[in-house]
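Examining the three-dimensional arrangement
What follows is each chain in one-letter form.
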Amino acid sequence: MQETRPSALGFDPARYPAWRQYQAQTIEALALSTGPLSIVAAPTGAGKSMLALALARLGIRDRQTTRILTSRKVLQDQYVNDYIFDSDPQLKEARGRNNFMCELPDFKTVTADHAPCVEEAFQCPLMRPSIGNDPESIPCAYYRQGAVANAAAVSVLNYQFYFRSLKGFQADLLICDEAHNLDKEIVACNTVEITQRDQDDLKKYGHVFTSARTGLLLIENPALSATARAAFLTIYNIWSGSKDADMVRLAPLVNKLSRISYLSDKLTVVEDRVDDKNRHTIIFSPVLSEDFADKLIFDRAKRVILMSATIFDPNYWAYRLGKDPASVHFIEVPSTFPPANRPVYIDTVVRMGAATKGDPEVERKLLAKIDSIITKHIGQKGLIHSVS
């Protein structure tokens, strides 16, 4: 690789004086790859964030756009705060709706994920620039940060924000960090929950979800799809022409109903979950991430790179994303830590599970063992693995 040092790509030479072992080779291999999907299995400490940003900085030279996706806010913070380049463009970010309050007068007490604009047919007066096409002049903070990130050469976003922003964020290169969760993120984006409050609102307009049968597929619950379609048409026709705040409040429900219709021909499991107050939540969960992969990922980027420390089987990911395994470029980066420095000790102490949850004797034994391990290794770094 011509860029023999990170500083050649704008990285701070004081913090990043040289490439870590295997970084330069991995960057070069990915830069030369021409296939639609590359997968990088790189262990903790390999510097995956720096790999992603180095590829993005190389792309800038060719006027290419790069989008980097993460599933955790802490990793998004790391990208934004740890990597300040010595020349523009800088990294931009955008976050999900629940990080912002709605700024419409009648909805200032709710976050943007409960705002009327969750249904895209609602045209919020605060979502457009007030000065020409300048994204910085958009009044709404949520839409402003999204527009700024969309206009940037390189931006870091969380998965759900990106998936739900289908009209923007086209990219030459899409890098999925923490990609071992990618299939779960795709499924989560398309999962719909009809809460008890939603059902109470539906009853006011003559629609009742009474036939949900837990564990069966949506195609085996035809009445549910029919109810969702009928309810959508009823409420949408009233909602779309109304300026009444109580009606506008139904925008999230309108959006949910339209998404259930989209799931009607997909392999989707239905669950009717009841809490201790007998409140029902009907959950529609798609099974196959490959049903949505093109729409959410591959139709929006020329090249896609998946990165994770625990993403070892390229064939599995090819199938989960609906791609030919022969077309996948797989790179496994070796660990730079000597095996002698990373021993694993298995020490079974107690049986953990639902049957022992809250058992004081189990907790006592577990805490005693943890205290013993810490006492023996004071001043040393290590990890204690347990069940969640």
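Below you will find a few notes about this structure. Note that the structure is a prediction, hence the values are computed from the model and not measured. (Residues numbered from 1 in each chain as written. Predicted model: local features only at pLDDT ≥ 70, side-chain atom pairs only at ≥ 80, totals over all residues. Heavy atoms only, no water.)

What follows concerns the overall build of the chain. Across its full length, the chain holds 13 helices and 10 strands. Projecting the C-alpha coordinates of the chain onto the three principal axes gives extents of approximately 65 × 65 × 45 Å. Evaluated residue by residue, the chain yields a buried proportion of 43% over its 388 residues. For the chain, restricting intrachain contacts to residue pairs at least 6 apart in sequence, the fraction spanning at least 24 positions comes to 69%. When the 46 positive and 45 negative side-chain charges of the chain are each reduced to one mean point, those points stand 1 Å apart. (Helix = DSSP H or I, 4+ residues; strand = E, 2+ residues; numbered from the N terminus. Buried < 20%, exposed > 50% of the residue type's maximum accessible area, 1.4 Å probe, protein only. Contact = heavy atoms within 4.5 Å. Lys, Arg positive; Asp, Glu negative; His and termini not counted. Charge placed at Lys NZ, Arg CZ, Asp CG, Glu CD.)

The next thing to look at is the side chain of threonine 70. Relative to the helices and strands, threonine 70 resides in strand S2 (residues 66-70). Not counting the four nearest positions on each side in its chain, threonine 70 is found in contact with Leu75, Gln76, Tyr79, Val156, Leu157, Asn158, Tyr159, Asp177 and Glu178.

Here we take up the sheet that holds strand S6 (residues 192-194). Read from one edge to the other, the open sheet built from 3 strands follows the order S6-S8-S7, with strand pairing classed as antiparallel. Single-partner strands in this sheet number two, and they are S6 and strand S7 (268-274). For this sheet, the mean angle separating the axes of adjacent strands, direction not counted, is 20°. Pairing of S7 with strand S8 (residues 280-286) involves 7 bridges; the strand directions are antiparallel. Bridge pairing in S8 links arginine 273 to threonine 281. (Pairing = 2+ DSSP bridges. Axes fitted to C-alpha atoms, helices over the stretch in contact; angles between N-to-C directions.)

Of the voids in this model, the second largest pocket is the one considered here, and its volume is about 1,600 Å³. Taken together, 31 residues line the second largest pocket, and the ones lying closest to its centre are Pro343, Tyr345, Leu383, Ile384 and His385. In the lining of the second largest pocket, the residues fall into 16 nonpolar, 10 polar and 5 charged. (1 Å grid on protein atoms, 1.4 Å probe; cavity = no way out; pocket = protein on both sides within 12 Å on 5 of 7 lines; lining within 4 Å. Points joined across faces, edges and corners; volume = space filled by probe spheres on them. Nonpolar A, V, L, I, M, F, W, Y, C, P; charged D, E, K, R; others polar.)

Scope: geometric values only; no functional claims are made or implied.
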